[in-house]
Amino acid sequence: MKIFLDSANLEQIRQAKALGAIEGVTTNPSLLAREKGDWKRAIRQICKEIDGPVSVEVIATEASAMLTEARDLVKIAPNIVVKVPLTLEGLKAIAELHRRGIETNATLVFSANQALLAAKAGASFVSPFIGRLDDIGQDGMQTLQDIMTVFRNYDLTTQVLAASIRHANHFFQAAMLGADAATVPPTVLFDLVQHPLTEIGLAKFLEDWKSR
Ligand code: E4P
């Protein structure tokens, strides 16, 4: 499973990159809105930092305007993936971007049906939002599993990118299901490193070493 960082903050991205595990970045309008300064410059810097796909979302809600935004986004850097919400207009835009050879990430996906349509339209990635389904009392991980099953049934090549990952167990379960990638916020990434027995074990080793 590839690991992407869900962040638009260059400092966080550099810290995560130093762990050697980050193979891409996902941003969204909410994450980008938190950053100060020129957003295009920020995206350009992120794209330089990361040797892998960097998803940047369109703001438009109509297909034609999405296509115009996408055309500008892909000029920023060669590793931009255009993130498009899974609406009727979004699907139209994904299909057209696919025809133009532009990579897309279908975002705000909450069902296997939506994911299948995104794959048919030619999305490079689909992003089921696990945590947001859990938030409304549904089972986000079951939806991820459903998508994996449907995609395997038909040998679909669209990559399943588990998103809205809120804790280490989401990450673990996504890996167990064989998701192609998971995008994790920095807090979750750093949590993945932690284990109480590692801390206890290290403290004991260091204590024993001091008493030699
Ligand atoms: C994915 O691409 C999204 O940016 C992200 O995972 C959304 O996560 P959230 O539901 O925690 O905001």
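First things first, this report covers the structure right here in the doc. (Residues numbered from 1 in each chain as written. Predicted model: local features only at pLDDT ≥ 70, side-chain atom pairs only at ≥ 80, totals over all residues.)

Before going further, it helps to examine the sheet that holds strand β3 (residues 54-57). Here we have 8 strands rolled up into a closed barrel, ordered β1-β2-β3-β4-β5-β6-β7-β8, and parallel in their pairing. Neighbour-to-neighbour, the strand axes of the sheet open up by a mean angle of 30°, direction not taken into account. Taken together, the 2 bridges between strand β2 (residues 24-26) and β3 define a ladder with parallel strand orientation. By the bridge assignment for β3, Thr26 is matched with Ser55. (Pairing = 2+ DSSP bridges. Helix = DSSP H or I, 4+ residues; strand = E, 2+ residues; numbered from the N terminus. Axes fitted to C-alpha atoms, helices over the stretch in contact; angles between N-to-C directions.)

Here the focus is unusual backbone geometry. With the exception of glycine, the majority of residues adopt a negative phi angle, and the majority of peptide bonds are in the trans configuration. One non-glycine residue, Leu108, lies in the positive phi region at around 60°. Among the residues examined, Leu108 registers 19 C-beta atoms within 10 Å and is labelled partly exposed. The phi dihedral of Asp155 is positive, around 50°, even though this residue is not glycine. Tracing the backbone through its elements, the reader meets Asp155 in the loop between α8 (140-153) and β7 (159-162). (Buried ≥ 20, exposed ≤ 12 C-beta atoms within 10 Å, placed from the backbone.)

Turning our eyes to something else, we now look at the environment of Thr27. Here Thr27 shows up in the loop between β2 and α2 (29-33). Since 24 C-beta atoms lie within 10 Å of it, Thr27 is described here as buried. Thr27 sits 106 residues away from Leu133 along the chain, and the two C-alpha atoms are 19 Å apart. Here Thr27 is in contact with Ala8, Leu32, Ser55, Val56 and Glu57, once residues within four sequence places are set aside. (Contact = placed C-beta atoms within 7 Å.)

With that settled, consider the site of the ligand. In the vicinity of the ligand, the contacting residues are Asp6, Thr26, Asn28, Thr107, Ser127, Phe129, Gly131, Arg132, Ala163, Ser164 and Thr183. Split into classes, the residues belonging to the shell around the ligand amount to 2 nonpolar, 7 polar and 2 charged. (Near = placed C-beta within 6 Å. Nonpolar A, V, L, I, M, F, W, Y, C, P; charged D, E, K, R; others polar.)

Moving on, we get to helix α11 (residues 196-210). In this model α11 runs 21 Å from its N-terminal to its C-terminal C-alpha over 15 residues, within 8% of the 21 Å that 1.5 Å per residue would give. With 0 of its 15 residues buried, α11 lies for the most part at the surface. (Expected span 1.5 Å × (residues − 1).)

Here is a general trend for soluble globular proteins: nonpolar side chains tend to be buried in one another's company. Of all hydrophobic cores here, the largest spans 54 residues; its most connected members are Val82, Ile94, Ala106, Ala118, Val126 and Ala162. When residues in this core are grouped by element, the largest group, 6 residues, is from helix α6 (residues 112-121). Once residues within four sequence positions are removed from consideration, Ala106 is found in contact with Val84, Leu86, Ile94, Ala118, Ala123, Phe125, Val126 and Ser127. (Core = buried A, V, L, I, M, F, W, Y, C linked by C-beta atoms within 7 Å.)

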